[in-house]
Amino acid sequence: MDDPLVIAGREYSSRLITGTGGATNLAVLERALVASGTELTTVALRRVDADGGTGVLDLLRRLGIDPLPNTAGCRTAAEAVLTARLAREALGTDWVKLEVVADDRTLLPEPVELLDAASTLVADGFTVLPYTNDDPVLALRLEETGCVAVMPLGSPIGTGLGIRNPHNIELIVARAGVPVILDAGIGTASDAALAMELGCDAVLLATSVTRATDPERMAAAMRHAVTAGRLARSAGRVPQRFWAHASSPPR
Amino acid sequence: MEVRVNGVARSVAAGATVAELLAVLELPASGIAVAVDGEVCTRASHERTVLAPGADVEILTAVQGG
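Report on the accompanying structure. (Residues numbered from 1 in each chain as written. Chains lettered and ligands numbered in written order. Predicted model: local features only at pLDDT ≥ 70, side-chain atom pairs only at ≥ 80, totals over all residues.)

### Quick word on the overall build of chain A
Counting secondary structure elements, chain A contains nine helices and ten strands. The C-alpha atoms of chain A give 18 Å as radius of gyration, which agrees with the globular expectation for 251 residues (18 Å, within 12%). Taken along the three principal axes of its C-alpha coordinates, chain A extends 75 × 40 × 35 Å. Taking all 251 residues of chain A together, the buried fraction comes to 48%. Long-range contacts, defined here as pairs at least 24 residues apart, represent 62% of the contacts in chain A between residues at least 6 apart. (Helix = DSSP H or I, 4+ residues; strand = E, 2+ residues; numbered from the N terminus. Rg over C-alpha atoms; globule rule 2.2 N^0.38 Å. Buried ≥ 20, exposed ≤ 12 C-beta atoms within 10 Å, placed from the backbone. Contact = placed C-beta atoms within 7 Å.)

Here's what the structure looks like:
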């Protein structure tokens, strides 16, 4: 049996964290969540009259999945802090996936505002899981600020471009004292497996499942990929060689 | 008097509280969060928070996302 994923003292047997955005309806989402085996799932906070309804919280409660509110859409530390406080009020959790993005085209994290918001929220008693760039220095700064995990992107949100800088992810893993969760950019199962092979503690994905042709099937694929990648990481892979090395005896 | 609720002008009784506004809107007190003029109004203070004319009220809930 694998060790549980431990974040801020909470234990999870699944190392796959999912988002709920992009699913065409709650029935599709429910089948995907069940197939993924996830125990922690992000939700967004929006005006009550906005599209999307309020059924997602009831669904997560029924499935026994912890909600992880995010601050998606926030551009400044002040916006993100207010959103986190509203999420705490609405959901009764001090856990927050902290997102502060720089612009709409890239949705890349705005590092200065992100660090500022993280610092304020930690001081305010929040359990902060920041969505961050694949920047090993910023990851360390966020950890020093008191974040309970760091969540570097593989590539920009929703692109499905996979992990563009695997070495940076390995550098983050090598120095992190908190769980590293690969967040954003996963396109298909091999990307999720690679994240785990690089040493990440978990994977967070949404689009690759919810917008797949068959979300339930892709959710199952991601579940297996995360398990396979984790196993491969702990199994100790063979070194890569330039020349062939026979696997059958010479005579 | 007029207040703004999620960006839309709305008439409420003078001296209405946040709790009374939620009742008029038929919203539950749980599963939502209220901000008045950019500050969180906690559930415990819904009853005693009186809306001023022109108050900017945001009422949020969890939706699919992330």
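### Side note on the interface of chain A and chain B
Listed as interface residues are 31 residues of chain A and, on the opposing side, 19 residues of chain B. Elements supplying a minimum of two residues to the side of chain A that touches chain B: strand 4 (40–47), helix 2 (55–63), strand 5 (66–69) and helix 3 (77–91) of chain A. The leading source of residues in the side of chain A that touches chain B is helix 3 of chain A, at seven residues. Per-class residue counts for the side of chain A that touches chain B are 18 nonpolar, seven polar and six charged. (Nonpolar A, V, L, I, M, F, W, Y, C, P; charged D, E, K, R; others polar.)

### Overview of the pairing of strand 1 (residues 2–5) of chain B
Residues and elements named next belong to chain B. Summarising the sheet, strand 1 and strand 2 (residues 8–11) pair through four bridges and their orientation is antiparallel. If you follow Glu2 over to strand 2, its bridge partner there is Ser11. Between the antiparallel neighbours strand 1 and strand 2 lie two residues, among them Asn6 with a positive phi of about 50°. Where strand 1 and strand 5 (residues 56–64) come together, two bridges link them in parallel fashion. When the sheet's bridge partners are listed, Arg4 is paired in strand 5 with Asp56. (Pairing = 2+ DSSP bridges.)

### Things to note about the packing of helix 3 of chain A against helix 4 (residues 111–123) of chain A
For any two helices packed against each other, the geometry is given by the interaxial angle and the distance between the axes. Residue and element names in this part refer to chain A. The interhelical angle for the contact between helix 3 and helix 4, taken along N-to-C directions, is 35°, at an axis separation of 8 Å. As helix 3 runs across helix 4, the sense of the crossing is right-handed. Judged by residue contacts, Ala77, Ala80, Val81 and Ala84 of helix 3 engage Glu113, Asp116, Ala117, Thr120 and Leu121 from helix 4. Residues that form the contact of helix 3 with helix 4 fall into these classes: six nonpolar, one polar and two charged. (Axes fitted to C-alpha atoms, helices over the stretch in contact; angles between N-to-C directions. Left-handed = near helix turned anticlockwise from the far one by under 90°.)

### Quick word on the packing of helix 1 (residues 26–36) of chain A against helix 9 (residues 215–235) of chain A
All names here are of chain A. Relative to each other, helix 1 and helix 9 sit at 20°, their axes nearing to 7 Å. Taken together, the axes of helix 1 and helix 9 are roughly parallel relative to one another. Our pair here, helix 1 against helix 9, has a crossing hand that is right-handed. Here helix 1 contributes Val28, Arg31, Ala32, Ala35 and Ser36 to the contact with helix 9, which in turn contributes Pro215, Glu216, Ala219, Ala220, Met222 and Arg223. Looking at the contact of helix 1 with helix 9 residue by residue, the classes come out as seven nonpolar, one polar and three charged. (Parallel < 35°, antiparallel > 145°, perpendicular 65-115°, else oblique.)

### Topic: the sheet that holds strand 8 (residues 151–152) of chain A
Spatially, the three strands line up as an open sheet ordered 6-7-8 (chain A), and their pairing is parallel. The open sheet has two edge strands, strand 6 (95–98) and strand 8 of chain A, and neither has a second partner.

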